[in-house]
Amino acid sequence: MNHLLEIKDLRVEFSTDAGTVRAVDGVSYNVDRGETLAIVGESGCGKSVSALSIMGLLPKPAARIRSGEILFNGVDLLGLDNGAMRHIRGKEIAMVFQEPMTSLNPLLTIGVQLTEALQLHMNMNLSQAWTRAQELLERVEISEAQRRLKKYPHHLSGGMRQRVMLALALSCEPKLIIADEPTTALDVTIQAQILELMKDLTHEMGMALVIITHNLGIVARYADTVNIMYAGKIVEGGAAKDIYASPRHPYTQGLMKSVPRPDLPREAKLVPIEGQPPDLSQLPPGCSFQPRCPYAVDLCSQEAPLLLETSLKHTAACWLVDEIEAVV
């Protein structure tokens, strides 16, 4: 079966005054049609940079893709020129950004911003685009849609703005939507509503969805598969139910212990991950997580472990994966 999206050994670097930052360091994963994949990790682990690489939106000249392939429907996006990427971006692959207030144009009404994409990619006239824009707002559960189209972004709440961003992403019926921290600025109740809405709509329309987040807890009920990223690499991956039932990497375990869980007593304490993420311009030898890992041995500081299968469709990059499984 051909995958909708295939990332193969992607490596992205940033040139800075402090040296070369290896933001994405040999990442590979697949996304199938209709699948929801969550990419989880702390800030600075490279998850957003990998998404911007797919969209062709890396800041240049500071960022450069050193190697790898990004295959979408069998076509390597890295080989396309700007014109071809503009056709893909929005129509075939859409992105929901972290903060809608900075993604929406404050000088244009919601209606203008929605109809612009429809006229550009779907060849609609203004009347058709306006009707479709109203339908999209209704579909993302915004009340009084016709009136809201005439409003500016600052007239709407944070939750409503994020719903508008979702409507924009859905407008051209893309095959893949990438949501980069789509609920970070929202309260817990609105977070759940937005994630539920994204999951339902993409499933209903047969789209693949990639959710990028730092919170392992919020993707438990929404993702089919999960990739855990640390220091530019994927350190664990597999079906969501397997990751939650049996995390095999110490970093994944740390993320899970730092998230409140309804199945534990109220007095149970959260356990933070000690230390700080590494400087990506000066990565330590061996495993990047070794300085923070409670299980680390001498080998961990000497040689980086490979991402290997621990069971069917479950991978982890840890020298002590068998020992760690026994103590979970």
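See above for the structure.
Residues numbered from 1 in each chain as written. Predicted model: local features only at pLDDT ≥ 70, side-chain atom pairs only at ≥ 80, totals over all residues. Heavy atoms only, no water.

**A closer look at the side chain of Asn227**
Now for step 1: Along the chain, Asn227 falls in strand 9 (residues 225-230).
Now for step 2: Taking the relative accessible area as the measure of exposure, Asn227 reaches 10% and is therefore buried.
Now for step 3: Not counting the four nearest positions on each side in its chain, Asn227 is found in contact with Tyr29, Leu37, Ala38, Ile39, Val40, Ile234, Glu236 and Gly237. (Helix = DSSP H or I, 4+ residues; strand = E, 2+ residues; numbered from the N terminus. Buried < 20%, exposed > 50% of the residue type's maximum accessible area, 1.4 Å probe, protein only. Contact = heavy atoms within 4.5 Å.)

**Points about helix 5 (residues 126-139)**
Now for step 1: With 14 residues, helix 5 should reach 20 Å at 1.5 Å per residue; the first-to-last C-alpha distance of 20 Å fits that figure.
Now for step 2: Restricting attention to buried positions, one finds in helix 5 the residues Ala129, Arg132, Ala133, Leu136 and Leu137. All buried residues of helix 5 fall inside an arc of 140 degrees around its axis, so they share one side.
Now for step 3: Elements that come into contact with the buried residues of helix 5 comprise helix 4 (110-122), helix 6 (145-148) and helix 7 (158-170).
Now for step 4: Where helix 5 terminates, the next one or two residues include Glu141, which has phi positive at roughly 65 degrees. (Expected span 1.5 Å × (residues − 1). Arc of directions from axis to C-beta.)

**Brief notes about the sheet that holds strand 2 (residues 19-31)**
Now for step 1: In spatial order, the strands read 2-1-4-5; together these four strands make up an open sheet with antiparallel pairing. With one partner strand each, in any of the chains shown, strand 2 and strand 5 (75-76) form the two edges of the open sheet.
Now for step 2: Relative to strand 4 (residues 63-72), strand 1 (residues 5-16) runs antiparallel, the two being bridged by eight bridges. Residue pairing for strand 4: Phe14 is matched across the bridge by Ala63.
Now for step 3: Along the sheet face, helix 1 (residues 47-55) touches strand 1, strand 2 and strand 4 and points at about 110 degrees away from the line of strand 1. (Pairing = 2+ DSSP bridges. Axes fitted to C-alpha atoms, helices over the stretch in contact; angles between N-to-C directions.)

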